[in-house]
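# A look at the structure
Each chain, written out:
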Amino acid sequence: MNKEMHICIEDDLKKRFHATCVLHGKKMSQVVIELIEQWLQINEASPNSEGKR
């Protein structure tokens, strides 16, 4: 099930992000999901990484 998420960013940042996504043939939501997944791979706590941060 997909849920919506709303964020507030500067208008200029949104315009730049949208334009760059268009250049790469991707939807903004697709890129945001990719970025969140990458960030989680680096930062999400796993059972083996307890206390290592």
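Reading the values: rules and limits
- Residues numbered from 1 in each chain as written.
- Predicted model: local features only at pLDDT ≥ 70, side-chain atom pairs only at ≥ 80, totals over all residues.
- Heavy atoms only, no water.
- Helix = DSSP H or I, 4+ residues; strand = E, 2+ residues; numbered from the N terminus.
- Buried < 20%, exposed > 50% of the residue type's maximum accessible area, 1.4 Å probe, protein only.
- Areas by Shrake-Rupley, 256 points an atom, 1.4 Å probe, with all protein chains shown as cover.
- Axes fitted to C-alpha atoms, helices over the stretch in contact; angles between N-to-C directions.
- Parallel < 35°, antiparallel > 145°, perpendicular 65-115°, else oblique.
- Contact = heavy atoms within 4.5 Å.
- Nonpolar A, V, L, I, M, F, W, Y, C, P; charged D, E, K, R; others polar.
- Salt bridge = Lys/Arg side-chain N within 4 Å of Asp/Glu carboxyl O.
- Expected span 1.5 Å × (residues − 1).

## Things to note about the overall build of the protein chain
A tally of helices and strands in the protein chain yields 2 helices and 0 strands. When each of the 53 residues of the protein chain is scored for burial, the buried share is 4%. Just so you have it, the protein chain exposes about 5,400 Å², and 56% of that area is on carbon and sulfur atoms.

## Concerning the packing of helix α1 (residues 11–23) against helix α2 (residues 28–43)
Taken N-terminus to C-terminus, the directions of α1 and α2 make an angle of 100°; their axes are 9 Å apart at the nearest point. Our classification of the angle between α1 and α2 gives roughly perpendicular. Along the contact surface, α1 presents K14, F17, H18 and C21, while α2 presents M28, V31 and V32. Of the residues contributing to the contact of α1 with α2, the split by class is 5 nonpolar, 1 polar and 1 charged.

## As for the pattern of salt bridges
Scanning the entire structure with this criterion turns up 2 salt bridges. Between D11 and K15 there is a salt bridge, with its nearest N and O atoms 3.1 Å apart. You can see D11 and its partner K15 sitting in helix α1, 4 residues apart, about one turn around the helix. With relative accessibility at 53%, the residue K15 sits in the exposed group.

## A few points about α1
Its 13 residues give α1 an end-to-end C-alpha distance of 18 Å, which sits within 8% of 18 Å, the value for a rise of 1.5 Å per residue. Directly beyond the C-terminal end of α1, a positive phi value near 70° is found at G25.

Any functional reading would require information beyond the geometric quantities listed.
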